[in-house]
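Close look at the chain arrangement
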Amino acid sequence: MSKRLAMLALLARNVSPEKKSSVHLLLSHFAARLDNLALLMKEFERQMEALSSDSLKSVVANVEEQLNGIEKLMDDYTGRCILYLIMCCPVLTNELKILCEKLAKALDGVVKDEFSQALKLQTKQTRQMLEDCSPKMGPKDEALNDSLDEGMLDSIISNTSLCNKLAQQIADSLDMSVGSEEFANELAKLKLEKAGAEQRKGKAHALYLEQSIFLLDKAVAASSKPTNAEKGAASNPPLGQFIIRDTPILPLQSFICPITRDVMRDPVQIASGQTYERGAVEQWFGAGHTRCPMGEELKNTKMKSNFALKQSIAEWRERNYEIRLETASKHIQSADKETRIRAVSELQALCEEEPLNRYRISSKGLLSPLVHLAESKDLELRKKTFQCLMIVAQDNSENQETMVNEGVVDLIVRCLARQYDDVNEAVLLMKLLSGKPNIAEKISHSHGAIVFLVTLLGWENEEIVGNAKAVLENLPTSDENVVMMAEADFLKPLVQRLIEGSTHSKIKMAKALAQMHLPVTSKESIAESGAIATLLKSIDSVNEEEREAAIDALQNLTSVQSICRLLVNLGGLQVLLRLVTAVKSPEKMKTGVALIMANVLTSLGNDWKHDEERETELETLIYTFLQCMGPLITPTIQAPLLRALFGLANGTDTGDLVRRKLIDHKAFTILLPFLRENVMPEVRRTSLQLFSCLAHSYSKEACEALKEDSESIQIIFQILKEKFRNELERAAAARILASLPIDDTEVTSVLEEADVVHELPKLLNLQSEGMEEAMTSLLLRFSSSSVETQLKLASFGVISQLVNLLQSGQSLTKINTAKALSDFSKHSCDLSPNVKPRNCCACFGPRPLVCRLHLGVCHVESSFCLLEANAVSPLVDLLKESDPDSQEAALLALSTLVSDEQGQNWEYGCRAIAKAGGLFPIIVLMSSESQNVQEQAVKMIEQFFRIPEYRERHGAVAQMHIIQAAQRGRGRVRQAAGRILRQLELINSQSNYFAMSN
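First things first, this report covers the structure right here in the doc.

Right, let's talk about the overall build of the protein chain for a bit. Along the protein chain, the regular secondary structure elements total 57 helices and three strands. The globule rule puts the C-alpha radius of gyration for 998 residues at 30 Å, and the 51 Å found for the protein chain is more than 25% above it. If one aligns the C-alpha atoms of the protein chain with their principal axes, the spans along those axes are about 145 × 85 × 75 Å. Among the 998 residues that make up the protein chain, the fraction classed as buried is 51%. In the protein chain, 68% of the contacts between residues at least 6 apart in sequence involve partners at least 24 apart. Counting only carbon and sulfur atoms, one obtains 50% of the accessible surface of the protein chain, whose full area is about 47100 Å². Within the protein chain, one finds 112 positive and 130 negative side-chain charges whose respective centroids are separated by 2 Å.

Dropping the structure here:
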């Protein structure tokens, strides 16, 4: 601790930059006392090592406790300008005196007999030095300190000659003149010190500095003989001190509490005659003190109000409020932005200091200009204005009404619409205003207010979200407002009204839900609230309007899978089924219920829990729906029920079971009448889709049903080829025809009679969803039939269309296309006429072009040549796809180019495939997991390796693939692989592998 004291002494000596000043003398005197105390503490520390003394430890602890205060004091003054130190010299003198008294008191414990006489004497001398802590100053310094006392400034500041005299004294202490530039620089530094003075040493200290600066400003202005305008400027405090005050009345020293160092509000006098702030002195006595805070012993701790002083302080405040309000009212109209911001801040400060100032602001007519300032283009000014309006409106209904009449509500709404950085301040003001029911009503009627407030609920700023939600909750709960909030996606009030409201409100809320275009998340939130159960109850209501509204709402909501699942779990399907089959139920209600069931069952086709009870329920639904397909049920009900069946039949979870049950109930026979022209379009379209779905899995049963009705196939084809038909209808018709067994000649004959072959090329150009796949599947029926049919198709340009589809179609389309090209290519040799020997007359005519593959004259339309059609490269690309079905189809088509048919140059076919980059992919496919792909690839490689060039160049690469085929392939594959190995002359060197394959 002795070292710490020595460091503090050094710090005290270095506080003042001016070594000749009274401040330096004062602090040097104090540093000497600290040096002496450090020597004493060093002796204490030595004796503490020799003996264990509780008294000595207590003394050391008491002294150490005071060191923190000394450190803080030094920190407060270190680095400050010299003028600040001089102005604070009286205060510093008092602070050092109090510290020395506390240090002296800490040494009181060294009086016991256990200490040596030498130590007691040294302690006594140190105590005396601490008690005599005031240094002897010169007459000028003492006079200056007396004038700078806080109490003296009150009388000096109003007297110009005394101000000038005191300023001259201060300047003399610095060896400067009042009007000099050096003194002006020091004054500027002092003004900078003012900025943090209140935080460091309290408001009273800040007021003292303000008085000092005001006094020095007056003296400097007087010394330079200013003009009238300059005098006005000089009489005002600098802008940084207090916000826009022309000539504020500074508080008297008697107004300031010695404890809080702030102007008192409830001054009380204690037994010593000193006056303090009531709360501060009560806290002092409550801490157990029995002395006056100034150190004087008290007879008692009683307090009495100082009414005279309280009245004086109140009058001082009132006068200052008037001055500040008057100044702010002038500056709020200024064209300068900064001036207006300071005026608004001043008005806010006035309201925070005294709530009654809110009435004064209103009485002076300042609310109107304040509201209009919130429309400023400047963001900072708008934010400040909203904050001020918030304070002015707080706990003041009259001001709130005035603001609303001035248009503040619409102004805030426009601010919310802009969504700038002042949204938080604006919505906070709206929250306050919405606390009054009549203002809340006006907010709800302001155009766009509810929409913009609901929009804020999606912001990330939690404060803004909370304030916006509070405003919405304050708004009137009329049905109209609740609906308006819901339309802006704030659904909580609507759901609550739907569940708990009157019948009239429930109807209105349900109708609103029916008409809203809600996102999925909003619908899910409605489901979680219990609204679905309420709507299900309303469907059974005797009130027709309530029932219809609930049905319409459920139609809208059941587009979401989670809501459909909830409805089923609540037993909703049984309720809906009962209503749709009830004899006395109105047709309109049945139609609405059927639409709900269509939504629910379509959604749950992909989310159905399998158990015996559910399967029974499903079978009941199927049977009931099919029963409704009779003539007694109107098409408006049949259409959604058919859609429900289609959703179930097409579902991933219910599809297999439902399709089987529908076939058991003769669904094909029931659906066929609905395919005719005189049926409601929606019924026909859904019937086609359901028939198509069933025919895909049960093609044989579909074919038999169509044969029984001789016109049905032609009707379906008529739907397919008519351009005005709905795309979904045409696609379903195409899938039905494509699903019929290819080997059924009776169906083929009926289709040929309907001129399908002529229409197919046109239909292949249709690019709607699923149409290409269906049409290429239908084409396979005719591409694999007679050569005459193939020639007819080729004459219509089908082969070129197939090559294009091979490059742009979907996966199944490409597979069908490759198979069809394979069918065509098988007859190319037979259709390529040989070139006749040329006679002498023909020598002068053009030489016919001979196909090097088919060794005849080839054309796409007449011989289906894949080389002429440029189909080789697209087929090679199809080989490279990962789907085994695509690979197999491509191999089938390419294999027609390398077959040993009579009249075909198979070697040229191999070279054409190799040139298109197809050889290596075929080599790789010999290791395919698919037996069919592997077999086709091995056959083709056997043909390739009959050509020495390919055998030598690619034999090493193909070796392992061939060996794997020999090991894992089927009988014909192993045999072909063995032949290839012999071609490569590897059968002996690799005989162990081939042995495994056998």
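Still more to cover.
Our next topic: the packing of aromatic side chains. Inspection of every chain in the model, using the stated rule, returns five aromatic pairs. On the numbers, 6.3 Å between centres and 40 degrees between planes, the contact of Tyr-77 with Tyr-84 is tilted. The two residues Tyr-77 and Tyr-84 agree in class, both being buried. Between the aromatic rings of Phe-255 and Trp-316, the centroid separation amounts to 6.0 Å while the plane-to-plane angle is 65 degrees, which identifies the pairing as edge-to-face. A residue pair is termed long-range when its members are at least 10 positions apart, and Phe-255 in the loop between helix H13 (228-235) and strand S1 (267-269) and Trp-316 in helix H15 (residues 307-331) qualify at 61 residues. As far as the burial class goes, Phe-255 and Trp-316 line up, both buried.

What follows covers the nonpolar core. Counting residues in each nonpolar core, the largest one holds 178 residues, and the members touching the most others are Leu-662 and Phe-691. The residues touching Leu-662, leaving out its near neighbours within four places in the chain, are Ile-622, Leu-626, Leu-645, Ala-649, Ala-667, Leu-690 and Leu-694. Core analysis: the second largest hydrophobic core is formed by 65 residues, Ala-31, Cys-81, Leu-103 and Leu-187 among them.

Among the surface-exposed residues, Phe-920, Val-924 and Val-957 lie close enough to one another that they form a single nonpolar patch of about 250 Å² accessible area. Here Val-957 shows up in helix H55 (residues 948-968). Of the residues examined, Val-957 reaches a relative accessible area of 42% and is grouped as partly exposed.

Phi at Asp-175 is positive, roughly 60 degrees, even though this residue is not glycine. By secondary structure assignment, the location of Asp-175 is in the loop between helix H9 (160-173) and helix H10 (181-194). Note on Asp-175: relative accessible area 70%, which makes it exposed. Positive phi outside glycine occurs at Lys-666, with the angle close to 60 degrees. Considering the arrangement of structural elements, one finds Lys-666 in the loop between helix H37 (655-664) and helix H38 (667-671).

Bringing the environment of Val-471 into the picture now. Note that Val-471 resides in helix H25 (residues 462-474). Sequence separation between Val-471 and Phe-724 is 253 residues; the distance between their C-alpha atoms is 55 Å. If we ignore the near neighbours within four places in the chain, the residues touching Val-471 are Val-427, Met-430, Lys-431, Ser-434 and Leu-453.

With antiparallel pairing, the three strands of this open sheet are ordered in space as S2-S1-S3. Each edge of the open sheet is held by one strand with a lone partner, namely strand S2 (275-277) and strand S3 (304-305). Relative to S2, S1 runs antiparallel, the two sharing three bridges. Looking at S2, one finds that Pro-267 is bridged to Glu-277. In the packing of helix H14 (residues 278-286) onto the sheet, the strands contacted are S1, S2 and S3, and the crossing angle to S2 comes to about 95 degrees.

On to helix H54 (residues 931-944), then. Relative to the 20 Å expected for 14 residues at 1.5 Å per residue, H54 spans 20 Å between its end C-alpha atoms, a close match to the ideal helical length. By the burial criterion, the buried members of H54 are Val-933, Gln-934, Glu-935, Gln-936, Ala-937, Val-938, Met-940, Ile-941, Glu-942, Gln-943 and Phe-944. The elements touched by buried residues of H54 are helix H51 (884-895), helix H52 (906-915), helix H53 (919-925), H55 and helix H56 (971-983).

Moving on to the packing of helix H32 (residues 561-569) against helix H34 (residues 587-604). At a minimum axis distance of 9 Å, the contact between H32 and H34 shows a crossing angle of 105 degrees. For the element pair H32 / H34, the angle class is roughly perpendicular. Across the interface between the two elements, Gln-561, Cys-564, Arg-565, Leu-567 and Val-568 from H32 touch Ile-596, Asn-599, Val-600, Ser-603 and Leu-604 from H34. Of the residues that constitute the contact of H32 with H34, the class distribution is six nonpolar, three polar and one charged.

Bringing the packing of helix H48 (residues 811-825) against H51 into the picture now. Packing of H48 against H51 leaves a shortest axis separation of 8 Å and a crossing angle of 20 degrees. It follows from the interaxial angle that H48 and H51 lie roughly parallel. The handedness of the crossing between H48 and H51 is left-handed. For the pair H48 and H51, the contacting residues are Ser-811, Ile-815, Ala-818, Lys-819 and Ser-822 in the first and Asp-885, Ser-886, Ala-889, Ala-890, Leu-892 and Ala-893 in the second. In the contact of H48 with H51, the residues fall into six nonpolar, three polar and two charged.

Looking at the largest pocket, its volume works out to about 1900 Å³. Residue lining of the largest pocket: 43 residues in total, with Asn-94, Ile-98, Lys-102, Pro-293 and Met-294 positioned closest to the centre. Going through the elements one at a time, helix H3 (54-77), helix H5 (89-106), helix H8 (150-156), helix H11 (197-201) and helix H12 (203-223) are the ones with two or more residues in the lining of the largest pocket. Per-element tally for the lining of the largest pocket: the top contributor is H5, with 11 residues. A per-class count over the lining of the largest pocket returns 16 nonpolar, 13 polar and 14 charged.

Checked against the element boundaries, Ser-777 lands in helix H45 (residues 771-783). Here the side chain of Ser-777 touches Glu-773 through a polar contact of 2.9 Å, landing on its backbone oxygen. Those residues within four positions of Ser-777 in sequence are excluded, and the remaining contacts are Ala-738 and Asn-816.

Another point: the pattern of salt bridges. Overall, the coordinates contain 44 salt bridges when judged by the stated rule. Here Arg-414 and Glu-375 are joined by a salt bridge, their closest N and O atoms 2.7 Å apart. Residue Arg-414 is located in helix H21 (residues 408-418), and its partner Glu-375 is located in the loop between helix H18 (367-373) and helix H19 (379-393); the two are separated by 39 residues in the primary sequence. Overlapping salt bridges, with partners in common, bring together Lys-337, Glu-338, Asp-378 and Glu-380 in one network.

Procedures and definitions
- Residues numbered from 1 in each chain as written.
- Predicted model: local features only at pLDDT ≥ 70, side-chain atom pairs only at ≥ 80, totals over all residues.
- Heavy atoms only, no water.
- Helix = DSSP H or I, 4+ residues; strand = E, 2+ residues; numbered from the N terminus.
- Rg over C-alpha atoms; globule rule 2.2 N^0.38 Å.
- Buried < 20%, exposed > 50% of the residue type's maximum accessible area, 1.4 Å probe, protein only.
- Contact = heavy atoms within 4.5 Å.
- Areas by Shrake-Rupley, 256 points an atom, 1.4 Å probe, with all protein chains shown as cover.
- Lys, Arg positive; Asp, Glu negative; His and termini not counted.
- Charge placed at Lys NZ, Arg CZ, Asp CG, Glu CD.
- Phe/Tyr/Trp six-rings, centres within 6.5 Å; stacked < 30°, edge-to-face > 60°.
- Core = buried A, V, L, I, M, F, W, Y, C linked by side-chain atoms within 4.5 Å.
- Patch = residues over 30% accessible without salt bridge, like charges linked within 9 Å, V, L, I, M, F, W, Y side chains within 5 Å.
- Salt bridge = Lys/Arg side-chain N within 4 Å of Asp/Glu carboxyl O.
- Pairing = 2+ DSSP bridges.
- Axes fitted to C-alpha atoms, helices over the stretch in contact; angles between N-to-C directions.
- Expected span 1.5 Å × (residues − 1).
- Parallel < 35°, antiparallel > 145°, perpendicular 65-115°, else oblique.
- Nonpolar A, V, L, I, M, F, W, Y, C, P; charged D, E, K, R; others polar.
- Left-handed = near helix turned anticlockwise from the far one by under 90°.
- 1 Å grid on protein atoms, 1.4 Å probe; cavity = no way out; pocket = protein on both sides within 12 Å on 5 of 7 lines; lining within 4 Å.
- Points joined across faces, edges and corners; volume = space filled by probe spheres on them.
- Polar contact = N/O pair within 3.5 Å; in protein donor to acceptor, adjacent residues only side chain to side chain.

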